[in-house]
Amino acid sequence: MVVATSALLPAASGGAATVPAEPKDVQKEYAKLKKRADALSKEYRGELISLDQAKRAAERAGLEAGRLTKDFETARADLSRFAATSYMSGRFDAVPMITSGDPRAAIRDMTVVEHLARNNGRRIESLEVLAGQATRSQQTARAKLADVEKEIEELEGQRARVKKLLAKYKPEVPSAPSAPGRPDGAPKTKSPLVGPSMTARMRTLMLAIDGRYGPFPTIGCSRPGDPQDHGSGRACDFMESTGGNMPSAGARAHGDAVAQFVISNASRYGVKYVIWRQRIYDMRGGGGWKAMSDRGSVTANHYDHVHVSVL
């Protein structure tokens, strides 16, 4: 008689520290962290990009872990049914009981059945692969959750400072330009300007950057329909190259100078964050540049422009 367990990946215990938690535990933990993260985004006036990308990575890892775990459970159940049917039909002299909750232990139990290994070797090999994938995927999911929790704790630790920052810089709404292609009430810019409707705070900083470092190939600001800061007139992109091309060494050094100017004067202009060369510097966090996930292109990864958002 074959006895198959219902537990595939048991929660880690004192004697099995390397065994990952069950998918439902990972999902439950993610739900708790997401609630904290959503509250922070609302409190900190939205767009906590480094936290958002950590959440997305954790969510993807959790879904993948769940899928692989389900695949393993299905494959192991099929193999157990095959063994049971073979035993009941008298094809095997003996089949050991499969009782271990550890996938690898279960596989070892199965492989001692000589006839099963010979007639169903490919199934066992496939099950071994799935076991390894499921285990690694669970470990990855938990590591991603740890990244989210670390990010949340860092941001929560800045609550008092951020509260003062937000009190100093009240929310603003964008104003329409007085003339096409020019910000309302502003003198002529050095650089071609796309999306001239913006908040007064963004306009002040945009003119300061353009006056000091312009002309740029283009400065792109408001984008109607954008769900983030470009849509609300609180962000501008300062292009260092065009056509989706990687900037030259000189243009890259120029972008470095622009980004550093914004960081150094963040308190003066009410800067929320800067993105440049696939990194983000968020004034609401603990400070310093943080790497961003790959978005697939030079422009999407902010290699050809410095993105600046204000509060």
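Look up: the structure comes first, before these words.
Here's a quick rundown of the structure. (Residues numbered from 1 in each chain as written. Predicted model: local features only at pLDDT ≥ 70, side-chain atom pairs only at ≥ 80, totals over all residues. Heavy atoms only, no water.)

## Observations concerning the sheet that holds strand 5 (residues 279–282)
- The sheet built from seven strands is open, its strands ordered 1-2-3-7-4-5-6 with mixed pairing. In this open sheet, the two strands that pair with only one neighbour each are strand 1 (193–194) and strand 6 (290–291).
- The pairing of strand 3 (residues 235–239) with strand 7 (residues 305–310) spans five bridges and is antiparallel. Each bridged residue has a counterpart across the sheet, and for Met239 the counterpart in strand 7 is His305.
- Each of strand 1, strand 2 (219–220), strand 3, strand 4 (271–275) and strand 7 is contacted by helix 7 (residues 200–213), which is oriented at about 145° to strand 7, the strand it contacts most. (Pairing = 2+ DSSP bridges. Helix = DSSP H or I, 4+ residues; strand = E, 2+ residues; numbered from the N terminus. Contact = heavy atoms within 4.5 Å. Axes fitted to C-alpha atoms, helices over the stretch in contact; angles between N-to-C directions.)

## Examining the layout of surface pockets
- Here the largest pocket is characterised by a volume of approximately 440 Å³.
- What lines the largest pocket is a set of 26 residues, and nearest its centre among them are Arg223, His230, Asp237, His302 and His307.
- Of all the secondary-structure elements, those providing two or more residues to the lining of the largest pocket are helix 2 (49–88), strand 2, strand 3, strand 4 and strand 7.
- Top contributing element to the lining of the largest pocket by residue count: helix 2, with three residues.
- Split by residue class, the lining of the largest pocket holds eight nonpolar, 10 polar and eight charged. (1 Å grid on protein atoms, 1.4 Å probe; cavity = no way out; pocket = protein on both sides within 12 Å on 5 of 7 lines; lining within 4 Å. Points joined across faces, edges and corners; volume = space filled by probe spheres on them. Nonpolar A, V, L, I, M, F, W, Y, C, P; charged D, E, K, R; others polar.)

## Some points on the pairing of strand 5
- Two elements, strand 4 and strand 5, share three bridges in a ladder whose sense is antiparallel. Residue pairing in the sheet places Tyr273 in a bridge with Asp282 of strand 5.
- Alignment of strand 5 against strand 6, held across two bridges, turns out to be antiparallel. Considered in strand 6, the bridge of Ile280 is made with Lys290.

## Considerations on the nonpolar core
- Membership of the largest hydrophobic core comes to 28 residues, with the highest contact counts inside it found for Met206, Ile209 and Phe238.
- Counting only elements with at least two residues in this core, the list comes to helix 7, strand 3, helix 8 (249–264), helix 9 (266–269), strand 4 and strand 7.
- Element by element, the count of residues in this core is highest for helix 7, at six residues.
- Residues Leu33, Leu48, Ala65 and Ala141 belong to the second largest nonpolar core, which totals 22 residues. (Core = buried A, V, L, I, M, F, W, Y, C linked by side-chain atoms within 4.5 Å. Buried < 20%, exposed > 50% of the residue type's maximum accessible area, 1.4 Å probe, protein only.)

## A look at empty space enclosed by the protein
- The full count for this structure, using the stated rule, is one cavity of 30 Å³ or more.
- Approximately 80 Å³ is the volume attributed to the largest cavity.
- Residue assignment for the lining of the largest cavity shows that the elements contributing at least two residues are helix 5 (121–156) and strand 5.
- Tallied by class, residues from the lining of the largest cavity come to four nonpolar, five polar and four charged.

## Topic: a positive patch on the surface
- A cluster of basic residues, Arg56, Arg60, Lys144 and Arg295, forms a positive patch on the protein surface.
- Mapped onto the elements, Arg295 comes out in the loop between strand 6 and strand 7. (Patch = residues over 30% accessible without salt bridge, like charges linked within 9 Å, V, L, I, M, F, W, Y side chains within 5 Å. Areas by Shrake-Rupley, 256 points an atom, 1.4 Å probe, with all protein chains shown as cover. Salt bridge = Lys/Arg side-chain N within 4 Å of Asp/Glu carboxyl O. Lys, Arg positive; Asp, Glu negative; His and termini not counted. Charge placed at Lys NZ, Arg CZ, Asp CG, Glu CD.)

## Focus on helix 6 (residues 159–168)
- Within the sequence span of helix 6, burial applies to Val162, Leu165 and Leu166. Mapping the buried residues of helix 6 onto a view down its axis gives an arc of 95°, with all of them on the same face. In helix 6, the exposed positions that point more than 90 degrees away from the buried face belong to Ala160, Lys163, Lys164 and Lys168. (Arc of directions from axis to C-beta.)

## Structural notes on the environment of Asp282
- Position of Asp282 relative to the elements: it lies in strand 5.
- Residue Asp282 is classed as buried on the basis of its relative accessible area, which comes to 9%.
- Along the backbone, Asp282 and Ile263 are 19 residues apart, and their C-alpha atoms lie at a distance of 9.2 Å.

## A short note on the pairing of strand 7
- The buried fraction of strand 7 is high, at six of six residues.
- Of the two faces of strand 7, the one lined by His305, His307 and Ser309 and the one lined by Val306, Val308 and Val310 are each fully buried.
- Note: strand 4 against strand 7, four bridges, orientation antiparallel. The residue bridging Ile275 from the neighbouring strand is His307, located in strand 7.

## A look at the packing of aromatic side chains
- Evaluated as defined, the whole model comprises four aromatic pairs.
- For the ring pair Tyr213 and Phe261, a centre distance of 5.7 Å and an interplane angle of 65° mean the geometry is edge-to-face. Pair noted here: Tyr213 is in helix 7 and Phe261 is in helix 8, with a separation of 48 residues, a long-range link.
- A relative accessible area of 17% places Tyr213 in the buried class.
- Measuring from centroid to centroid gives 5.7 Å for Tyr281 and Trp289, while their planes differ by 90°, and the two rings are edge-to-face.
- A connected cluster of aromatic rings, assembled from ring pairs, spans Tyr213, Phe261 and Tyr269.
- The ring of Trp289 carries the charged tip of Arg279 above its face, separated from the ring centre by 4.1 Å. (Phe/Tyr/Trp six-rings, centres within 6.5 Å; stacked < 30°, edge-to-face > 60°. Lys NZ or Arg CZ within 6 Å of the ring centre and 35° of its normal.)

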